[in-house]
2 protein chains.
Amino acid sequence: MSGDNVTAAGVRAAAARLKGEAVLTPLLESDMLNERVGGRILMKAEILQHCGSFKFRGAYNRISQLDDAQKRRGVIAWSSGNHAQGVARAARIFGAPATIVMPADAPSLKAEKVRYYGAEIITYDRYKDDREAIARPIAEERGLALVPSYDHVDVIEGQGTVALEAAEQAAALGAKIDAFVVCCGGGGLTAGCATILEEVSPNTEVFIAEPEGYDETWASIKAGARLTADVTRRTICDALATPAPGALTFPILKRLVRGGACVTDEEAAAAMAYAFKYLKLVLEPGGAVALAAVLSGKIPARGRTVVVTLSGGNVDPPLFATILKQFG
Amino acid sequence: MSGDNVTAAGVRAAAARLKGEAVLTPLLESDMLNERVGGRILMKAEILQHCGSFKFRGAYNRISQLDDAQKRRGVIAWSSGNHAQGVARAARIFGAPATIVMPADAPSLKAEKVRYYGAEIITYDRYKDDREAIARPIAEERGLALVPSYDHVDVIEGQGTVALEAAEQAAALGAKIDAFVVCCGGGGLTAGCATILEEVSPNTEVFIAEPEGYDETWASIKAGARLTADVTRRTICDALATPAPGALTFPILKRLVRGGACVTDEEAAAAMAYAFKYLKLVLEPGGAVALAAVLSGKIPARGRTVVVTLSGGNVDPPLFATILKQFG
């Protein structure tokens, strides 16, 4: 796969499919945040998307294009929990049975909401099992269509609608986007956003923010080849604990990503506490790394207009309470 | 004071003054919330307003109309903390010194942000002192203009822009508002909203939600006379612990409010936990009572389109962590 088939036109087509189905999430701004970093931060609040993350966009864009017979047979996905919810909700819209392969230690809020949308959950051990090896035989046996969490053109183009909307919202404010910072796991959101930004906002620099230990995407870009993370390593950023950039996403990222920031668990937690106190928004650790990259100064914002993706907010109450105690 | 001088035209004039100054806060919707209550809930997210509550609107509308000499002398307000921040931020815009009389036990986040915006804080004991008796001599001595937290036409008309915006946003969605539920303390937000709704959405029923022990406004409306709450009573809803409806707000409320709900601390806390888990929004107790009234069924939403004000989000991390442990 070369990635050549991910196009700005494809992102526009996805936006047309998602119109009225996805939440047109607000682009938020805070005077206190702007004053703190000395720039203009525009936050694309995908935590307010259906299921609390951007993932519904790509899942819907993929499932809506399946033929009717396939929709009846159903879909399958593996996911740490946000993609799972997006797939479950999109599948429900089309009456497609959904099977989700999820780590047993996924946040319970994520599992609860996957069940809420009527999907069947099959659990695996994140540190021992190969989730693909579990999912593939089930998919074949049941004739299910795979909805990959990042490495599929329809999924990438669906996620790219985040940047298309943000660019339109920024333009309505009269703002020119200097930098666009994306929370990056497998790179689906980044690849989609970078693809559409190249067309609609070519002077915007795309940055990725990754959690410590799972910062293999920026390392891969610098090395010019896909490197692999040690997936036995612990991180509070469960949503971004991806082993490697995708075969389809990597060539796009390599060409279009300008820089990367590696965010520690402490920085992610501090950004969550900041969002709680001053923005009144609930971020999960993996959804806070772009904000953390800006708050920590790892991605400079002084004198610039920077879009930051707030990509997910599904965090369990006990972890959030612990973070508030330590960082609030 | 009769309240007759609060007008829909005044709310429109306030909206013109606030354009580009206040955040046009989003009207949010959640499929899970709609499914739970069996209706359509549109949430006016004033937690995303400057300073984390609607209070900036009224404060700005009042201070912007002071003459230049008065702006130079400055303003004074008493407040449990949200109005204080709104006044401090609005005063800063006009270069007006701001003095705030605040309870010593106000949430520390509220005090921190008042100081951030450069106001001077004078503290008092919420359960013993008369804040007016403290503030009035200072105001006279320094020649400060009072910015009342609810009982002033400019303040009420400023707060009314919440409903004007919500009505326009609902109309853009093609939604007809059956009910509009307001978190109610002294009644400034309710009076302003009810006044403009009478013109732009005359079939909308206005309801108030009040915390237990401070539900004297609905009791006053039923009694036809202003009753007083026992202000020594504890509540987690600090923002709504007001002794009585205002002299100016009460006649408006009496004429235009259709019903009231009394919300317990437990129901407010449960609504905060719900907003955390499913809406990804941070609500303070007093800002959660309208949502709590709908979640508890005290204000019926089945088959109806209901606007709920999320009026404030300034809650200290330790209290929030405790609530997450108990209700999350």
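Criteria and cut-off values
Residues numbered from 1 in each chain as written. Chains lettered and ligands numbered in written order. Predicted model: local features only at pLDDT ≥ 70, side-chain atom pairs only at ≥ 80, totals over all residues. Heavy atoms only, no water. Least-squares fit on C-alpha atoms with pLDDT ≥ 70 in both. Contact = heavy atoms within 4.5 Å. Axes fitted to C-alpha atoms, helices over the stretch in contact; angles between N-to-C directions. Helix = DSSP H or I, 4+ residues; strand = E, 2+ residues; numbered from the N terminus. Parallel < 35°, antiparallel > 145°, perpendicular 65-115°, else oblique. Left-handed = near helix turned anticlockwise from the far one by under 90°. Nonpolar A, V, L, I, M, F, W, Y, C, P; charged D, E, K, R; others polar. Buried < 20%, exposed > 50% of the residue type's maximum accessible area, 1.4 Å probe, protein only. Buried area = accessible area lost by both parts, 1.4 Å probe. Salt bridge = Lys/Arg side-chain N within 4 Å of Asp/Glu carboxyl O. Polar contact = N/O pair within 3.5 Å; in protein donor to acceptor, adjacent residues only side chain to side chain. Pairing = 2+ DSSP bridges. pLDDT = per-residue confidence, 0-100. Expected span 1.5 Å × (residues − 1). Arc of directions from axis to C-beta.

Peer 1: Is there a simple way to think about the relation of the copies chain B and chain A in this case?
Peer 2: Mapping between the two chain copies consists of a rotation about an axis together with a translation along that axis. With an axial shift of 0.0 Å and an RMSD of 0.0 Å, the rotation relating chain B to chain A amounts to 180°. Both copies are brought into coincidence by an operation consistent with a two-fold rotation axis. Interface overlap between copies: 100% of the residues of chain B at the interface are likewise at the interface in chain A, consistent with a symmetric, same-surface contact.

Peer 1: What is the right way to look at the packing of helix H9 (residues 188-200) of chain A against helix H11 (residues 249-256) of chain A in this model?
Peer 2: All names here are of chain A. Two elements in contact, H9 and H11, have axes whose closest approach is 9 Å; the angle formed by their N-to-C orientations is 50°. As judged from the angle between their axes, H9 and H11 are oblique. Considering only the axes of H9 and H11, their crossing is left-handed. Two secondary-structure elements touch here, H9 through Gly188, Thr190, Ala191, Ala194, Thr195 and Glu198 and H11 through Thr249, Ile252, Leu253, Arg255 and Leu256. Residues of the contact of H9 with H11, tallied by class, amount to five nonpolar, four polar and two charged.

Peer 1: What should I look at first to understand the packing of helix H3 (residues 55-63) of chain B against helix H5 (residues 82-93) of chain B in this one?
Peer 2: How two helices sit against one another is set out by the angle between their axes and by the gap between those axes. Residue and element names in this part refer to chain B. One can describe the packing of H3 onto H5 by two numbers: an axis separation of 8 Å at closest approach and a directional angle of 45°. Put simply, H3 runs oblique to H5. The hand of the H3/H5 crossing is right-handed. When H3 is examined against H5, the residues Lys55, Phe56, Ala59, Tyr60 and Ile63 are found in contact with a partner set consisting of Asn82, His83, Gly86, Val87, Arg89, Ala90, Ala91 and Ile93. Looking at side-chain class alone, the contact of H3 with H5 contains eight nonpolar, three polar and two charged residues.

Peer 1: Looking at this model, I keep getting lost on the environment of Ala135(B). Mind explaining?
Peer 2: Residue and element names in this part refer to chain B. Along the chain, Ala135 falls in helix H7 (residues 131-142). When its relative accessible area of 1% is taken as the criterion, Ala135 is described as buried. Taking the C-alpha atoms as reference points, Ala135 and Gly312, 177 residues apart in sequence, are found 24 Å from one another. Contacts of Ala135, omitting those with residues within four sequence positions, involve Ile76, Trp78 and Val101.

Peer 1: In this structure, what is going on with the interface of chain B and chain A? I would like to understand it.
Peer 2: Put simply, an interface is often sized by how much accessible area is lost when its parts join up. Between chain B and chain A, the contact holds 33 residues from the first and 33 residues from the second. Across the chain B to chain A interface the summed buried area is about 2800 Å²; carbon plus sulfur atoms make up 64%. Counting across the interface, chain B meets chain A through four salt bridges. Between Asp31(B) and Arg89(A) there is a salt bridge whose closest N-O contact spans 2.6 Å. At the junction of chain B with chain A, the criterion picks out 16 residue pairs in polar contact (both at pLDDT 80 or more). Put simply, the parts of the chain that give the side of chain B that touches chain A at least two residues each are helix H2 (31-37), H5, helix H6 (108-116), helix H12 (265-279) and helix H14 (317-327) of chain B.

Peer 1: I would appreciate a short explanation of the sheet that holds strand E7 (residues 179-183) of chain A in the present structure.
Peer 2: Two strands in a sheet stick together by hydrogen bonds in their backbones, pointing the same way (parallel) or opposite ways (antiparallel). Strands sit in the order E1-E2-E10-E7-E8-E9 (chain A) across an open sheet of six strands; the sheet is mixed. Each end of this open sheet is capped by a strand with a single partner; those strands are strand E1 (27-28) and strand E9 (257-263) of chain A.

Peer 1: Would you explain the confidence of the model for chain A in this entry?
Peer 2: As a note on interpretation, predicted positions should not be read in detail where pLDDT is low. Averaged over every residue, the pLDDT of chain A is 96; residues scoring 70 or more account for 99%. Across the interfaces of the predicted complex, the ipTM metric reaches 0.96, alongside a pTM of 0.96.

Peer 1: Please explain helix H7 (residues 131-142) of chain A as it appears in this structure.
Peer 2: One turn of the α-helix equals 3.6 residues, which is why residues spaced by three or four share an orientation. All names here are of chain A. In this model, H7 (twelve residues) spans 17 Å end to end at C-alpha, consistent with the 16 Å of a helix rising 1.5 Å per residue. Of all the positions in H7, only Arg131, Ala135, Ile138 and Ala139 are classed as buried. Along H7, the residues classed as buried sweep out an arc of 105° about the axis, all on the same side. Away from its buried face, by an angle of more than 90 degrees, H7 presents the exposed residues Glu140 and Glu141. Lining the buried residues of H7 we find strand E3 (75-78), strand E4 (98-103) and strand E5 (120-124). Put simply, Asp130 is the residue that caps the front of H7, since its side-chain oxygen is 3.0 Å from the backbone nitrogen of Glu132. Immediately downstream of H7, the backbone of Gly143 shows phi near 70°, a positive value.

Peer 1: Teacher, can you tell me more about the sheet that holds E3(A) here?
Peer 2: Residue and element names in this part refer to chain A. Taken in spatial order, the four strands line up as E5-E4-E3-E6 in an open sheet, and their pairing is parallel. Each end of this open sheet is capped by a strand with a single partner; those strands are E5 and strand E6 (145-146). Where E3 and E4 come together, four bridges link them in parallel fashion. From the neighbouring strand, Ile76 faces E4, where its bridge partner is Thr99.

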